[in-house]
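One letter stands for each residue in the lines below.
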Amino acid sequence: MKQKIICILLLTSLASTFSGMKYIHAEEIEQEDANTVEETPVVNYQSEMGETGDYYVLNCPNYYQQDYKDIAFGDSTIGEQGNLITCLASLETYYLTKDVNPETFVGIHSDDCLHGTKTINKSSIDRYAKYFGTALDVQGYDFDVMANYVKRYSAKVLIRIPHESALGKKSTYFLVTGITKDGFIVVDPNKDNLKYAHQTNEGYIYDSLFISIVCGKSAEMYIFH
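**Quick look at helix H4 (residues 83-96)**
Between its terminal C-alpha atoms H4 stretches 20 Å, which fits the 20 Å expected from 14 residues at 1.5 Å a residue. Across the 14 residues of H4, 12 count as buried, placing the element largely inside the fold. Within H4, burial applies to Asn83, Leu84, Ile85, Thr86, Cys87, Leu88, Ala89, Ser90, Leu91, Glu92, Thr93 and Tyr94. Looking one or two residues past H4, Thr97 carries a phi angle of roughly 50 degrees, positive in sign.

Take a look at the structure:
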């Protein structure tokens, strides 16, 4: 009897510890609030307009730092320090419906990019949200909040990881742009990180457990909606 009670307590503790690292399944998306949540077709900038499937899928273009590695960015290059601007270029392309790749972004925002990460950093994100014409909420990483915004409001979540992780040895950014039965659609500006993703028709997918592990407790969410 004592062993049974101890097992129950251990299972309850583990469930509490990993409550933020759960998987999102198709059944949860389809059943939750089925009578109140409307699915709106989203334009995929990289293909023709049309239905995007049964899930809340957003399609920002995949730009990679490596494809623009020699383009000057401040006193460095996009390949070295262009992690954030590559994400911002993807968001600008989506919101303003025009092709703004990282090189084009540097040209359009030349004054901002003049001093590299000294002038474009996390403090600049709010200004770009206003430029895109979107609202912005900022808070610490929270799995449930992220999933809710993406699922219910078709939000795009820019995640900043301030510590070393599997995705980089220093501060890194990536975008969560949609949700499917397999996990979250992401736009990661570092092409080397594709080894952690699996590709589907909707895009590259990170599963929810992986995202929670790399984010830890100190990651930040910049929620565009």
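**With respect to helix H8 (residues 143-153)**
Considered for burial, the residues of H8 that qualify are Phe143, Met146, Ala147, Tyr149, Val150 and Lys151. The N-terminus of H8 is capped by Asp142, whose side-chain oxygen sits 3.0 Å from the backbone nitrogen of Asp144.

**Topic: the layout of surface pockets**
Of the pockets and cavities examined, the largest pocket occupies roughly 610 Å³. Secondary-structure elements contributing two or more residues to the lining of the largest pocket are helix H3 (78-81), H4 and strand S5 (172-180). If you tally residues by element for the lining of the largest pocket, the top one is H3, at 3 residues. The class makeup of the residues in the lining of the largest pocket is 6 nonpolar, 12 polar and 8 charged.

**Considerations on the environment of Thr117**
Structurally, Thr117 can be placed in the loop between helix H6 (110-113) and helix H7 (125-132). Classification of Thr117 as partly exposed rests on a relative accessible area of 35%. Linking Thr117 and Gly74, residues 43 residues apart in sequence, is a C-alpha distance of 7.3 Å. Beyond its immediate stretch of four places on either side in the chain, Thr117 contacts Phe73 and Gln81.

**So, the packing of aromatic side chains**
Evaluated as defined, the whole model comprises 13 aromatic pairs. Here Tyr196 and Phe210 contribute two aromatic rings whose centre-to-centre distance is 5.3 Å and whose plane-to-plane angle is 25 degrees, an arrangement assigned as stacked. Here Phe210 lies in helix H9 (residues 208-215) and Tyr196 lies in the loop between strand S6 (183-187) and strand S7 (198-200), a separation of 14 residues in the sequence. Classification of Phe210 as buried rests on a relative accessible area of 16%. Grouping aromatic residues by their ring pairs yields a cluster made of Tyr94, Tyr95, Phe105, Tyr128, Tyr131, Phe132 and Phe224.

**Notes on the sheet that holds S7**
Within the open sheet, the 7 strands sit side by side as S3-S9-S4-S5-S6-S8-S7. Their pairing is antiparallel. Edge strands, defined here as strands with exactly one partner in the open sheet, are strand S3 (136-140) and S7. The mean inter-strand angle of the sheet, taken between neighbouring strand axes irrespective of direction, is 35 degrees. Contacting S3, strand S4 (156-161), S5 and strand S9 (220-224), H7 runs over the sheet at an angle of about 15 degrees to S9. Across the sheet, H8 is in contact with S3, S4, S5, S6 and S9; its angle to S5 comes to roughly 55 degrees.

About the criteria used
- Residues numbered from 1 in each chain as written.
- Predicted model: local features only at pLDDT ≥ 70, side-chain atom pairs only at ≥ 80, totals over all residues.
- Heavy atoms only, no water.
- Helix = DSSP H or I, 4+ residues; strand = E, 2+ residues; numbered from the N terminus.
- Expected span 1.5 Å × (residues − 1).
- Buried < 20%, exposed > 50% of the residue type's maximum accessible area, 1.4 Å probe, protein only.
- Polar contact = N/O pair within 3.5 Å; in protein donor to acceptor, adjacent residues only side chain to side chain.
- 1 Å grid on protein atoms, 1.4 Å probe; cavity = no way out; pocket = protein on both sides within 12 Å on 5 of 7 lines; lining within 4 Å.
- Points joined across faces, edges and corners; volume = space filled by probe spheres on them.
- Nonpolar A, V, L, I, M, F, W, Y, C, P; charged D, E, K, R; others polar.
- Contact = heavy atoms within 4.5 Å.
- Phe/Tyr/Trp six-rings, centres within 6.5 Å; stacked < 30°, edge-to-face > 60°.
- Pairing = 2+ DSSP bridges.
- Axes fitted to C-alpha atoms, helices over the stretch in contact; angles between N-to-C directions.

Just distances and angles here, no functional claims.
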